[in-house]
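# Structure assessment
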There are 2 protein chains.
Amino acid sequence: MPVAAETTMSSCPEDIKTIPERVFCQLREDIVEGRISAGSRISEAELAGRYGTSRGPLREAISQLAAVGLVERRPNVGARVIELSSKQLLDVFHVREALEGTAARQAAERMDAAAVQQLRDTLAAHEQRIGQDGGHTYFQESGDVDFHYRIIQGSGNRYLIKLLCHDLYYLVRMYRCQFGMRSKRGPAALKEHGAIVDAIARGDGDMAELLMRAHVRASRANVEQMLMEKVEVN
Amino acid sequence: MPVAAETTMSSCPEDIKTIPERVFCQLREDIVEGRISAGSRISEAELAGRYGTSRGPLREAISQLAAVGLVERRPNVGARVIELSSKQLLDVFHVREALEGTAARQAAERMDAAAVQQLRDTLAAHEQRIGQDGGHTYFQESGDVDFHYRIIQGSGNRYLIKLLCHDLYYLVRMYRCQFGMRSKRGPAALKEHGAIVDAIARGDGDMAELLMRAHVRASRANVEQMLMEKVEVN
DNA sequence: CGTGTCTATATTGTCGACAATATAATATCA
DNA sequence: TGATATTATATTGTCGACAATATAGACACG
(Lines give C-alpha, C1' and ligand atoms only; values in the text may rest on other atoms or scores of the structure.)
Protein backbone atom coordinates (compact mmCIF):
# COMPACT_ATOMS: atom_id res chain seq x y z
CA MET A 1 0.00 0.00 0.00
CA PRO A 2 2.41 2.66 -1.03
CA VAL A 3 0.88 5.97 -0.16
CA ALA A 4 3.37 7.94 -2.15
CA ALA A 5 2.77 7.25 -5.80
CA GLU A 6 -0.82 8.35 -5.99
CA THR A 7 -0.57 11.54 -4.02
CA THR A 8 2.71 12.85 -5.33
CA MET A 9 2.44 15.78 -7.70
CA SER A 10 2.13 13.73 -10.82
CA SER A 11 4.29 14.53 -13.80
CA CYS A 12 1.67 14.51 -16.50
CA PRO A 13 -1.83 13.43 -15.51
CA GLU A 14 -3.71 11.32 -18.00
CA ASP A 15 -6.95 13.24 -17.69
CA ILE A 16 -5.66 16.07 -19.80
CA LYS A 17 -8.04 17.10 -22.50
CA THR A 18 -6.57 19.94 -24.44
CA ILE A 19 -3.34 19.98 -26.41
CA PRO A 20 -1.84 23.13 -24.95
CA GLU A 21 -2.20 21.64 -21.51
CA ARG A 22 -0.56 18.40 -22.55
CA VAL A 23 2.27 20.15 -24.32
CA PHE A 24 2.73 22.43 -21.33
CA CYS A 25 3.19 19.41 -19.08
CA GLN A 26 5.51 17.53 -21.40
CA LEU A 27 7.56 20.58 -22.17
CA ARG A 28 7.83 21.42 -18.52
CA GLU A 29 8.95 17.89 -17.77
CA ASP A 30 11.54 18.01 -20.54
CA ILE A 31 12.87 21.27 -19.20
CA VAL A 32 12.88 20.18 -15.58
CA GLU A 33 14.62 16.90 -16.32
CA GLY A 34 17.15 18.64 -18.49
CA ARG A 35 16.26 17.00 -21.80
CA ILE A 36 16.04 20.53 -23.06
CA SER A 37 19.13 22.14 -21.67
CA ALA A 38 19.03 25.31 -19.63
CA GLY A 39 19.58 28.49 -21.57
CA SER A 40 18.85 26.85 -24.89
CA ARG A 41 16.55 28.44 -27.38
CA ILE A 42 13.10 27.04 -28.00
CA SER A 43 12.10 26.81 -31.62
CA GLU A 44 8.37 26.76 -32.16
CA ALA A 45 8.56 24.89 -35.41
CA GLU A 46 10.88 22.24 -34.04
CA LEU A 47 8.83 21.61 -30.92
CA ALA A 48 5.60 21.60 -32.86
CA GLY A 49 7.11 18.70 -34.75
CA ARG A 50 8.42 16.96 -31.68
CA TYR A 51 5.10 17.07 -29.84
CA GLY A 52 3.03 16.41 -32.93
CA THR A 53 0.95 19.53 -32.98
CA SER A 54 0.73 22.86 -34.73
CA ARG A 55 2.25 26.07 -33.56
CA GLY A 56 -0.95 27.50 -32.12
CA PRO A 57 -1.33 25.28 -29.07
CA LEU A 58 2.43 25.26 -28.70
CA ARG A 59 2.54 29.01 -28.34
CA GLU A 60 -0.08 28.78 -25.63
CA ALA A 61 2.04 26.28 -23.78
CA ILE A 62 5.08 28.50 -24.08
CA SER A 63 3.10 31.43 -22.75
CA GLN A 64 2.21 29.46 -19.68
CA LEU A 65 5.78 28.31 -19.22
CA ALA A 66 6.82 31.94 -19.36
CA ALA A 67 4.16 32.93 -16.83
CA VAL A 68 5.46 30.28 -14.46
CA GLY A 69 8.98 31.50 -14.99
CA LEU A 70 10.58 28.45 -16.59
CA VAL A 71 11.24 30.16 -19.90
CA GLU A 72 11.91 33.75 -20.85
CA ARG A 73 10.39 35.31 -23.89
CA ARG A 74 11.52 38.15 -26.08
CA PRO A 75 9.15 39.55 -28.67
CA ASN A 76 9.98 38.65 -32.23
CA VAL A 77 12.96 36.67 -31.09
CA GLY A 78 11.68 33.66 -29.23
CA ALA A 79 11.83 31.89 -25.92
CA ARG A 80 14.78 30.45 -24.04
CA VAL A 81 14.85 28.12 -21.10
CA ILE A 82 15.90 30.05 -18.02
CA GLU A 83 19.51 29.98 -16.93
CA LEU A 84 20.17 28.52 -13.54
CA SER A 85 22.49 30.35 -11.19
CA SER A 86 23.44 29.46 -7.64
CA LYS A 87 22.21 32.81 -6.43
CA GLN A 88 18.78 32.27 -7.90
CA LEU A 89 18.55 28.80 -6.46
CA LEU A 90 19.25 30.17 -3.00
CA ASP A 91 16.72 32.94 -3.59
CA VAL A 92 14.13 30.34 -4.44
CA PHE A 93 14.91 28.59 -1.19
CA HIS A 94 14.32 31.82 0.70
CA VAL A 95 10.90 32.07 -0.86
CA ARG A 96 10.23 28.45 -0.13
CA GLU A 97 11.22 28.89 3.49
CA ALA A 98 8.72 31.70 3.91
CA LEU A 99 5.89 29.94 2.10
CA GLU A 100 6.33 26.52 3.63
CA GLY A 101 6.55 28.13 7.02
CA THR A 102 3.16 29.68 6.46
CA ALA A 103 1.83 26.39 5.14
CA ALA A 104 2.89 24.62 8.31
CA ARG A 105 1.31 27.29 10.47
CA GLN A 106 -2.00 27.15 8.66
CA ALA A 107 -1.91 23.37 8.54
CA ALA A 108 -1.58 23.37 12.31
CA GLU A 109 -4.60 25.62 12.55
CA ARG A 110 -6.76 23.88 10.00
CA MET A 111 -5.93 20.19 9.62
CA ASP A 112 -8.48 17.87 11.14
CA ALA A 113 -7.68 14.64 12.97
CA ALA A 114 -7.98 12.48 9.88
CA ALA A 115 -5.56 14.61 7.91
CA VAL A 116 -3.06 14.57 10.74
CA GLN A 117 -3.34 10.80 10.84
CA GLN A 118 -2.64 10.57 7.13
CA LEU A 119 0.38 12.76 7.66
CA ARG A 120 1.59 10.42 10.39
CA ASP A 121 1.13 7.46 8.06
CA THR A 122 3.17 9.16 5.38
CA LEU A 123 5.90 9.78 7.87
CA ALA A 124 5.83 6.19 9.12
CA ALA A 125 6.10 4.83 5.60
CA HIS A 126 9.00 7.10 4.95
CA GLU A 127 10.72 6.00 8.14
CA GLN A 128 10.30 2.36 7.25
CA ARG A 129 11.76 2.91 3.82
CA ILE A 130 14.83 4.58 5.22
CA GLY A 131 15.27 1.77 7.72
CA GLN A 132 14.98 -0.84 4.97
CA ASP A 133 17.35 0.35 2.33
CA GLY A 134 19.45 2.68 4.41
CA GLY A 135 18.06 5.72 2.68
CA HIS A 136 18.01 4.77 -0.94
CA THR A 137 17.91 8.21 -2.38
CA TYR A 138 14.96 7.90 -4.67
CA PHE A 139 12.43 6.87 -2.06
CA GLN A 140 13.91 9.35 0.33
CA GLU A 141 13.27 12.18 -2.09
CA SER A 142 9.79 11.07 -2.97
CA GLY A 143 8.94 10.57 0.68
CA ASP A 144 10.17 14.02 1.49
CA VAL A 145 8.19 15.55 -1.34
CA ASP A 146 5.11 13.66 -0.26
CA PHE A 147 5.44 14.91 3.29
CA HIS A 148 5.73 18.52 2.28
CA TYR A 149 2.93 18.09 -0.22
CA ARG A 150 0.55 16.85 2.47
CA ILE A 151 1.25 19.79 4.72
CA ILE A 152 0.84 22.29 1.94
CA GLN A 153 -2.49 20.75 1.03
CA GLY A 154 -3.38 20.70 4.70
CA SER A 155 -2.96 24.45 4.91
CA GLY A 156 -6.15 24.76 2.91
CA ASN A 157 -4.73 27.97 1.44
CA ARG A 158 -5.44 27.77 -2.25
CA TYR A 159 -3.06 30.46 -3.29
CA LEU A 160 -0.27 28.93 -1.25
CA ILE A 161 -0.99 25.54 -2.78
CA LYS A 162 -0.85 26.99 -6.25
CA LEU A 163 2.44 28.72 -5.65
CA LEU A 164 4.20 25.83 -3.99
CA CYS A 165 2.82 22.81 -5.82
CA HIS A 166 2.19 24.26 -9.25
CA ASP A 167 5.02 26.73 -9.65
CA LEU A 168 7.85 26.58 -7.18
CA TYR A 169 8.41 22.87 -6.89
CA TYR A 170 9.14 22.50 -10.57
CA LEU A 171 11.87 25.06 -10.24
CA VAL A 172 13.33 23.22 -7.28
CA ARG A 173 13.14 19.93 -9.13
CA MET A 174 14.85 21.49 -12.11
CA TYR A 175 17.75 22.52 -9.94
CA ARG A 176 17.86 19.12 -8.28
CA CYS A 177 18.05 17.37 -11.63
CA GLN A 178 20.55 19.62 -13.26
CA PHE A 179 22.88 20.40 -10.40
CA GLY A 180 22.62 16.73 -9.53
CA MET A 181 22.00 17.10 -5.85
CA ARG A 182 20.42 14.59 -3.59
CA SER A 183 19.86 15.44 0.05
CA LYS A 184 22.23 13.38 2.15
CA ARG A 185 20.60 14.26 5.41
CA GLY A 186 17.87 11.63 5.45
CA PRO A 187 17.79 10.73 9.14
CA ALA A 188 18.15 14.34 10.25
CA ALA A 189 15.35 15.40 7.95
CA LEU A 190 13.19 12.59 9.27
CA LYS A 191 13.59 13.78 12.84
CA GLU A 192 12.67 17.29 11.81
CA HIS A 193 9.62 15.98 10.02
CA GLY A 194 8.56 14.22 13.21
CA ALA A 195 8.83 17.38 15.27
CA ILE A 196 6.82 19.29 12.69
CA VAL A 197 4.03 16.72 12.73
CA ASP A 198 3.88 16.87 16.50
CA ALA A 199 3.54 20.62 16.45
CA ILE A 200 0.78 20.39 13.85
CA ALA A 201 -1.03 17.69 15.81
CA ARG A 202 -0.85 19.93 18.87
CA GLY A 203 -2.31 22.76 16.84
CA ASP A 204 0.75 24.84 17.66
CA GLY A 205 0.98 27.08 14.62
CA ASP A 206 3.85 29.20 15.86
CA MET A 207 6.01 26.21 16.55
CA ALA A 208 5.07 24.48 13.32
CA GLU A 209 6.12 27.51 11.34
CA LEU A 210 9.33 27.88 13.28
CA LEU A 211 10.29 24.24 12.79
CA MET A 212 9.35 24.16 9.13
CA ARG A 213 11.38 27.24 8.43
CA ALA A 214 14.34 25.78 10.23
CA HIS A 215 13.89 22.58 8.24
CA VAL A 216 13.89 24.34 4.89
CA ARG A 217 16.77 26.51 6.02
CA ALA A 218 18.80 23.44 6.88
CA SER A 219 18.03 22.05 3.46
CA ARG A 220 19.22 25.28 1.93
CA ALA A 221 22.41 25.19 3.97
CA ASN A 222 22.99 21.69 2.67
CA VAL A 223 22.51 22.85 -0.90
CA GLU A 224 24.75 25.82 -0.28
CA GLN A 225 27.52 23.56 0.89
CA MET A 226 27.20 21.31 -2.12
CA LEU A 227 27.41 24.35 -4.36
CA MET A 228 30.63 25.40 -2.67
CA GLU A 229 32.14 21.97 -3.11
CA LYS A 230 31.19 22.04 -6.75
CA VAL A 231 32.98 25.32 -7.26
CA GLU A 232 36.07 23.89 -5.62
CA VAL A 233 36.05 20.88 -7.89
CA ASN A 234 35.70 22.90 -11.06
CA MET B 1 9.64 65.97 -8.23
CA PRO B 2 7.15 63.27 -7.48
CA VAL B 3 9.00 60.05 -7.09
CA ALA B 4 5.91 57.96 -7.13
CA ALA B 5 4.47 58.03 -10.62
CA GLU B 6 7.46 56.70 -12.48
CA THR B 7 8.31 53.83 -10.23
CA THR B 8 4.85 52.56 -9.44
CA MET B 9 3.95 49.30 -11.10
CA SER B 10 2.47 50.84 -14.21
CA SER B 11 -0.87 49.66 -15.48
CA CYS B 12 0.01 49.05 -19.09
CA PRO B 13 3.46 50.10 -20.26
CA GLU B 14 3.65 51.70 -23.66
CA ASP B 15 6.67 49.72 -24.78
CA ILE B 16 4.61 46.62 -25.41
CA LYS B 17 5.29 45.06 -28.75
CA THR B 18 3.14 42.00 -29.16
CA ILE B 19 -0.62 41.79 -29.10
CA PRO B 20 -1.01 39.00 -26.57
CA GLU B 21 1.03 41.00 -24.12
CA ARG B 22 -1.05 44.10 -24.66
CA VAL B 23 -4.32 42.22 -24.40
CA PHE B 24 -3.05 40.49 -21.28
CA CYS B 25 -2.41 43.85 -19.65
CA GLN B 26 -5.69 45.42 -20.69
CA LEU B 27 -7.70 42.39 -19.77
CA ARG B 28 -5.99 42.17 -16.43
CA GLU B 29 -6.72 45.81 -15.80
CA ASP B 30 -10.37 45.37 -16.75
CA ILE B 31 -10.65 42.44 -14.40
CA VAL B 32 -8.82 44.10 -11.54
CA GLU B 33 -10.83 47.29 -11.78
CA GLY B 34 -14.05 45.34 -12.01
CA ARG B 35 -15.08 46.37 -15.50
CA ILE B 36 -15.40 42.67 -16.11
CA SER B 37 -17.24 41.45 -13.08
CA ALA B 38 -15.94 38.66 -10.90
CA GLY B 39 -17.26 35.23 -11.73
CA SER B 40 -18.46 36.27 -15.15
CA ARG B 41 -17.69 34.19 -18.19
CA ILE B 42 -15.16 35.33 -20.73
CA SER B 43 -16.19 34.90 -24.32
CA GLU B 44 -13.29 34.69 -26.71
CA ALA B 45 -15.24 36.01 -29.66
CA GLU B 46 -16.63 38.96 -27.74
CA LEU B 47 -13.28 40.00 -26.30
CA ALA B 48 -11.53 39.55 -29.61
CA GLY B 49 -13.92 42.17 -30.89
CA ARG B 50 -13.54 44.43 -27.90
CA TYR B 51 -9.74 44.50 -28.08
CA GLY B 52 -9.61 44.53 -31.84
CA THR B 53 -7.71 41.34 -32.47
CA SER B 54 -8.29 37.78 -33.52
CA ARG B 55 -8.82 34.85 -31.21
CA GLY B 56 -5.26 33.54 -31.43
CA PRO B 57 -3.48 36.22 -29.44
CA LEU B 58 -6.49 36.48 -27.17
CA ARG B 59 -6.21 32.86 -26.19
CA GLU B 60 -2.59 33.39 -25.31
CA ALA B 61 -3.55 36.27 -23.08
CA ILE B 62 -6.20 34.17 -21.38
CA SER B 63 -3.67 31.41 -20.82
CA GLN B 64 -1.42 33.81 -19.01
CA LEU B 65 -4.28 35.18 -16.97
CA ALA B 66 -5.06 31.62 -15.95
CA ALA B 67 -1.43 30.94 -15.05
CA VAL B 68 -1.43 33.99 -12.82
CA GLY B 69 -4.67 32.86 -11.24
CA LEU B 70 -7.00 35.68 -12.23
CA VAL B 71 -9.19 33.48 -14.38
CA GLU B 72 -10.11 29.82 -14.25
CA ARG B 73 -10.32 27.72 -17.34
CA ARG B 74 -12.27 24.62 -18.13
CA PRO B 75 -11.53 22.71 -21.31
CA ASN B 76 -14.13 23.06 -24.02
CA VAL B 77 -16.18 25.30 -21.82
CA GLY B 78 -14.32 28.53 -21.40
CA ALA B 79 -12.78 30.82 -18.85
CA ARG B 80 -14.38 32.69 -15.98
CA VAL B 81 -13.02 35.46 -13.85
CA ILE B 82 -12.22 34.10 -10.41
CA GLU B 83 -14.72 34.52 -7.62
CA LEU B 84 -13.59 36.53 -4.66
CA SER B 85 -14.25 35.25 -1.18
CA SER B 86 -13.25 36.73 2.13
CA LYS B 87 -11.40 33.58 3.05
CA GLN B 88 -9.27 33.71 -0.06
CA LEU B 89 -8.49 37.35 0.48
CA LEU B 90 -7.22 36.59 3.94
CA ASP B 91 -5.23 33.66 2.60
CA VAL B 92 -3.59 35.96 0.10
CA PHE B 93 -2.64 38.24 2.95
CA HIS B 94 -1.01 35.34 4.75
CA VAL B 95 1.11 34.68 1.69
CA ARG B 96 1.88 38.35 1.37
CA GLU B 97 2.96 38.52 4.98
CA ALA B 98 5.45 35.73 4.49
CA LEU B 99 6.82 37.03 1.21
CA GLU B 100 7.09 40.67 2.17
CA GLY B 101 8.75 39.65 5.39
CA THR B 102 11.41 37.86 3.39
CA ALA B 103 11.69 40.83 1.06
CA ALA B 104 12.37 43.15 3.99
CA ARG B 105 14.97 40.78 5.39
CA GLN B 106 16.83 40.47 2.13
CA ALA B 107 16.53 44.19 1.49
CA ALA B 108 18.23 44.80 4.79
CA GLU B 109 21.01 42.49 3.77
CA ARG B 110 21.45 43.69 0.22
CA MET B 111 20.37 47.30 -0.25
CA ASP B 112 23.23 49.73 -0.68
CA ALA B 113 23.36 53.24 0.76
CA ALA B 114 21.91 54.86 -2.35
CA ALA B 115 18.91 52.54 -2.39
CA VAL B 116 18.27 53.16 1.29
CA GLN B 117 18.38 56.88 0.64
CA GLN B 118 15.83 56.53 -2.16
CA LEU B 119 13.64 54.60 0.22
CA ARG B 120 13.92 57.41 2.75
CA ASP B 121 12.96 59.92 0.09
CA THR B 122 9.91 57.91 -0.81
CA LEU B 123 8.91 57.82 2.81
CA ALA B 124 9.48 61.55 3.24
CA ALA B 125 7.33 62.34 0.19
CA HIS B 126 4.63 60.13 1.56
CA GLU B 127 4.79 61.79 4.94
CA GLN B 128 4.51 65.23 3.40
CA ARG B 129 1.50 64.19 1.37
CA ILE B 130 -0.30 62.94 4.42
CA GLY B 131 0.51 66.12 6.28
CA GLN B 132 -0.82 68.25 3.44
CA ASP B 133 -4.16 66.76 2.70
CA GLY B 134 -4.72 64.90 5.91
CA GLY B 135 -4.31 61.57 4.21
CA HIS B 136 -6.21 61.91 1.00
CA THR B 137 -6.73 58.29 0.26
CA TYR B 138 -5.42 58.12 -3.25
CA PHE B 139 -1.95 59.40 -2.51
CA GLN B 140 -1.87 57.37 0.63
CA GLU B 141 -2.45 54.18 -1.29
CA SER B 142 0.00 55.00 -4.03
CA GLY B 143 2.61 56.03 -1.48
CA ASP B 144 2.14 52.78 0.37
CA VAL B 145 2.42 50.74 -2.79
CA ASP B 146 5.51 52.65 -3.79
CA PHE B 147 7.15 52.01 -0.45
CA HIS B 148 6.53 48.30 -0.55
CA TYR B 149 7.59 48.19 -4.18
CA ARG B 150 10.96 49.75 -3.37
CA ILE B 151 11.67 47.26 -0.65
CA ILE B 152 10.69 44.32 -2.79
CA GLN B 153 12.98 45.53 -5.54
CA GLY B 154 15.65 46.13 -2.95
CA SER B 155 15.57 42.49 -1.94
CA GLY B 156 17.27 41.70 -5.25
CA ASN B 157 15.43 38.38 -5.21
CA ARG B 158 14.09 37.95 -8.70
CA TYR B 159 11.63 35.23 -7.89
CA LEU B 160 10.26 37.20 -4.98
CA ILE B 161 9.92 40.26 -7.18
CA LYS B 162 8.06 38.28 -9.78
CA LEU B 163 5.64 36.82 -7.27
CA LEU B 164 4.86 40.02 -5.44
CA CYS B 165 4.97 42.64 -8.17
CA HIS B 166 3.77 40.63 -11.15
CA ASP B 167 1.26 38.25 -9.61
CA LEU B 168 0.14 38.93 -6.09
CA TYR B 169 -0.36 42.66 -6.14
CA TYR B 170 -2.90 42.46 -8.90
CA LEU B 171 -4.96 40.12 -6.78
CA VAL B 172 -4.73 42.48 -3.84
CA ARG B 173 -5.68 45.40 -6.04
CA MET B 174 -8.62 43.45 -7.37
CA TYR B 175 -9.92 42.93 -3.88
CA ARG B 176 -9.29 46.55 -2.99
CA CYS B 177 -11.27 47.73 -5.99
CA GLN B 178 -14.16 45.38 -5.69
CA PHE B 179 -14.60 45.18 -1.95
CA GLY B 180 -14.09 48.93 -1.95
CA MET B 181 -11.65 49.14 0.90
CA ARG B 182 -9.22 51.91 1.58
CA SER B 183 -6.82 51.64 4.45
CA LYS B 184 -7.84 54.11 7.13
CA ARG B 185 -4.70 53.71 9.14
CA GLY B 186 -2.47 56.19 7.33
CA PRO B 187 -0.50 57.65 10.25
CA ALA B 188 -0.05 54.28 11.93
CA ALA B 189 1.19 52.73 8.70
CA LEU B 190 3.57 55.62 8.23
CA LYS B 191 5.14 55.04 11.62
CA GLU B 192 5.56 51.38 10.85
CA HIS B 193 7.16 52.24 7.55
CA GLY B 194 9.64 54.43 9.38
CA ALA B 195 10.64 51.67 11.75
CA ILE B 196 11.09 49.27 8.84
CA VAL B 197 13.36 51.68 7.00
CA ASP B 198 15.46 52.14 10.12
CA ALA B 199 15.90 48.41 10.49
CA ILE B 200 16.87 48.09 6.84
CA ALA B 201 19.31 50.99 7.09
CA ARG B 202 20.86 49.30 10.10
CA GLY B 203 21.17 46.10 8.10
CA ASP B 204 19.11 44.32 10.72
CA GLY B 205 17.41 41.64 8.66
CA ASP B 206 15.72 39.88 11.56
CA MET B 207 14.10 43.05 12.79
CA ALA B 208 13.15 44.19 9.29
CA GLU B 209 11.33 40.92 8.67
CA LEU B 210 9.63 41.03 12.03
CA LEU B 211 8.40 44.57 11.53
CA MET B 212 7.28 44.03 7.97
CA ARG B 213 5.33 40.96 8.94
CA ALA B 214 3.68 42.85 11.76
CA HIS B 215 2.88 45.65 9.36
CA VAL B 216 1.21 43.37 6.83
CA ARG B 217 -0.56 41.54 9.63
CA ALA B 218 -1.97 44.81 10.91
CA SER B 219 -3.16 45.58 7.42
CA ARG B 220 -4.83 42.21 7.29
CA ALA B 221 -6.49 42.77 10.64
CA ASN B 222 -7.82 46.04 9.30
CA VAL B 223 -9.22 44.30 6.25
CA GLU B 224 -10.67 41.57 8.41
CA GLN B 225 -12.53 44.10 10.47
CA MET B 226 -13.92 45.84 7.42
CA LEU B 227 -15.14 42.51 6.15
CA MET B 228 -16.95 41.86 9.41
CA GLU B 229 -18.61 45.26 9.31
CA LYS B 230 -19.72 44.57 5.76
CA VAL B 231 -21.37 41.34 6.81
CA GLU B 232 -23.21 43.15 9.56
CA VAL B 233 -24.52 45.79 7.20
CA ASN B 234 -25.81 43.28 4.70
C1' DC C 1 41.45 45.49 -42.20
C1' DG C 2 37.57 47.14 -39.68
C1' DT C 3 32.99 49.15 -39.98
C1' DG C 4 28.62 50.02 -41.60
C1' DT C 5 24.87 48.90 -44.76
C1' DC C 6 22.05 46.00 -47.29
C1' DT C 7 19.92 41.87 -48.48
C1' DA C 8 18.43 36.95 -47.80
C1' DT C 9 16.60 33.78 -44.78
C1' DA C 10 14.60 31.87 -41.02
C1' DT C 11 11.67 32.57 -37.16
C1' DT C 12 8.00 34.61 -34.80
C1' DG C 13 3.39 37.08 -34.93
C1' DT C 14 -1.29 37.16 -36.72
C1' DC C 15 -5.28 35.81 -38.93
C1' DG C 16 -9.43 33.35 -40.84
C1' DA C 17 -11.47 28.86 -41.66
C1' DC C 18 -12.67 24.33 -40.15
C1' DA C 19 -13.28 20.48 -36.57
C1' DA C 20 -14.60 18.96 -32.01
C1' DT C 21 -17.07 19.57 -27.92
C1' DA C 22 -20.56 21.11 -24.53
C1' DT C 23 -24.95 23.15 -23.66
C1' DA C 24 -29.75 24.04 -24.51
C1' DA C 25 -33.93 23.11 -26.70
C1' DT C 26 -36.76 19.76 -28.66
C1' DA C 27 -38.80 15.53 -29.32
C1' DT C 28 -39.86 10.71 -27.91
C1' DC C 29 -41.29 7.12 -24.98
C1' DA C 30 -42.76 4.77 -20.60
C1' DT D 1 -46.34 14.05 -17.03
C1' DG D 2 -41.58 12.93 -16.12
C1' DA D 3 -37.43 11.32 -17.67
C1' DT D 4 -34.38 10.22 -21.26
C1' DA D 5 -32.62 10.50 -25.96
C1' DT D 6 -31.62 13.51 -29.80
C1' DT D 7 -30.65 17.18 -32.44
C1' DA D 8 -29.27 22.25 -33.06
C1' DT D 9 -26.49 25.84 -31.92
C1' DA D 10 -22.96 28.33 -30.10
C1' DT D 11 -18.44 28.20 -28.26
C1' DT D 12 -13.96 26.45 -27.84
C1' DG D 13 -9.98 23.82 -29.97
C1' DT D 14 -6.90 23.23 -33.87
C1' DC D 15 -4.70 24.03 -38.02
C1' DG D 16 -2.28 25.94 -42.19
C1' DA D 17 -1.17 30.15 -44.69
C1' DC D 18 0.43 34.77 -44.80
C1' DA D 19 2.69 39.11 -42.78
C1' DA D 20 6.13 41.28 -39.90
C1' DT D 21 10.38 41.19 -37.64
C1' DA D 22 15.11 40.01 -36.31
C1' DT D 23 19.44 37.82 -37.30
C1' DA D 24 23.39 36.35 -40.09
C1' DG D 25 26.01 36.87 -44.10
C1' DA D 26 27.73 39.32 -48.13
C1' DC D 27 29.29 43.41 -49.79
C1' DA D 28 30.86 48.06 -50.36
C1' DC D 29 33.37 51.82 -48.33
C1' DG D 30 36.60 54.40 -45.43
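The structure contained in this document is the topic of the report that follows. (Residues numbered from 1 in each chain as written. Chains lettered and ligands numbered in written order. Predicted model: local features only at pLDDT ≥ 70, side-chain atom pairs only at ≥ 80, totals over all residues. Heavy atoms only, no water.)

With 35 residues of chain B at the interface, the matching set in chain A holds 35 residues. Carbon and sulfur atoms supply 52% of the area that chain B and chain A bury against each other, a total of about 3,000 Å² over both sides. Together, E60(B), V95(B) and Y159(B) form the three largest contributors to the area buried by chain B at its contact with chain A, with a combined 19%. Taken together, the connections running from chain B to chain A amount to ten salt bridges. Taking the shortest distance from any N to any O, the salt bridge between E209(B) and R213(A) comes out at 3.0 Å. At the level of elements, α4 (55-68), β2 (71-74), α5 (86-110), α8 (158-179) and α10 (205-233) of chain B are the ones that each hand at least two residues to the side of chain B that touches chain A. The element that contributes the greatest number of residues to the side of chain B that touches chain A is α5(B), accounting for eleven residues. When the residues that make up the side of chain B that touches chain A are grouped by side-chain class, the tally is twelve nonpolar, nine polar and 14 charged. (Contact = heavy atoms within 4.5 Å. Buried area = accessible area lost by both parts, 1.4 Å probe. Salt bridge = Lys/Arg side-chain N within 4 Å of Asp/Glu carboxyl O. Helix = DSSP H or I, 4+ residues; strand = E, 2+ residues; numbered from the N terminus. Nonpolar A, V, L, I, M, F, W, Y, C, P; charged D, E, K, R; others polar.)

For DNA strand D, the set of nearby residues contains 19 residues, the closest of which are I19(A), P20(A), T53(A), R55(B) and R59(B). Taking all atoms of DNA strand D within 4 Å of the protein, the share assigned to sugar and phosphate is 76%. Contact between DNA strand D and N76(A): a sugar or linking oxygen at 3.5 Å from a side-chain N or O atom of the residue. For DNA strand D, a base nitrogen lies 2.7 Å from a polar atom in the side chain of R55(B). For the surface near DNA strand D, the secondary-structure elements that each account for two or more residues are α2 (19-32) of chain A together with β1 (41-42) and α4 of chain B. Of the residues in the surface near DNA strand D, the class split is seven nonpolar, seven polar and five charged. (Near = heavy atom within 4 Å. Polar contact = N/O pair within 3.5 Å; in protein donor to acceptor, adjacent residues only side chain to side chain.)

A few words on the sheet that holds strand β2 (residues 71-74) of chain A. Residues and elements named next belong to chain A. Overall, antiparallel pairing links the three strands, which are arranged β1-β3-β2 in an open sheet. Unpaired on one side and paired on the other, β1 (41-42) and β2 mark the two borders of the sheet. As defined by bridge partners, β2 adjoins strand β3 (residues 78-81) across four bridges and the pair is classed as antiparallel. The residue bridging V71 from the neighbouring strand is V81, located in β3. (Pairing = 2+ DSSP bridges.)

In a soluble, globular protein the nonpolar side chains are often hidden away together inside. Residues I31(A), L99(A), I151(A), I200(A), L99(B), I151(B) and I200(B) are the most contacted members of the largest nonpolar core, which totals 130 residues. Excluding its chain neighbours within four sequence positions, the residues that come into contact with I200(A) are A104(A), A107(A), A108(A), M111(A), V116(A), L119(A), I151(A) and A208(A). (Core = buried A, V, L, I, M, F, W, Y, C linked by side-chain atoms within 4.5 Å. Buried < 20%, exposed > 50% of the residue type's maximum accessible area, 1.4 Å probe, protein only.)

This part takes up the pairing of β3(A). Residues and elements named next belong to chain A. Side chains of β3 alternate between two faces, with A79 and V81 buried and G78 and R80 left unburied. Pairing of β1 with β3 involves two bridges; the strand directions are antiparallel. Across the sheet, I42 pairs through a bridge with A79, a residue of β3. Where β2 folds back on β3, the antiparallel hairpin that results is connected by three residues, among which N76 adopts a positive phi of roughly 65 degrees.

Residues and elements named next belong to chain B. Within the secondary structure layout, V23 lies in helix α2 (residues 19-32). C-alpha separation for the pair V23 and L58, spaced 35 residues apart in sequence, amounts to 6.7 Å. Ignoring any residue separated from it by four or fewer positions in sequence, one finds V23 in contact with R28, Y51, T53, L58 and A61.

Taken in spatial order, the three strands make up an open sheet running β1-β3-β2 (chain B), and their pairing is antiparallel. At either margin of the open sheet sits one strand with a lone partner, and together these are β1 and β2 of chain B.

With that out of the way, let us pick up the protein's contact with DNA strand C. Taken together, 19 residues are adjacent to DNA strand C, and R55(A), R59(A), I19(B), P20(B) and T53(B) come closest. Counting only the atoms of DNA strand C within 4 Å of the protein, the fraction contributed by sugar and phosphate is 73%. T53(B) places a polar side-chain atom, nitrogen or oxygen, 2.7 Å from a phosphate oxygen of DNA strand C. Going through the elements one at a time, β1 and α4 (55-68) of chain A together with α2 of chain B are the ones with two or more residues in the surface near DNA strand C. The residue inventory of the surface near DNA strand C, partitioned by class, reads seven nonpolar, seven polar and five charged.

Turning our attention to the pattern of salt bridges. Counted under the stated rule, the structure contains 44 salt bridges over all chains. R173(A) is paired through a salt bridge with E33(A); the nearest N and O atoms lie 2.9 Å apart. With R173(A) in helix α8 (residues 158-179) and E33(A) in the loop between α2 and β1, this pair connects stretches of sequence that are 140 residues apart. Of the residues examined, R173(A) reaches a relative accessible area of 24% and is grouped as partly exposed. As a salt-bridge pair, K162(B) and D167(B) come within 3.0 Å of each other at their nearest N and O atoms. You can call D167(B) buried: its relative accessible area is 7%. Among the charged side chains, a network of salt bridges with common partners joins E97(A), R213(A), R217(A), R220(A), R105(B), D206(B) and E209(B).

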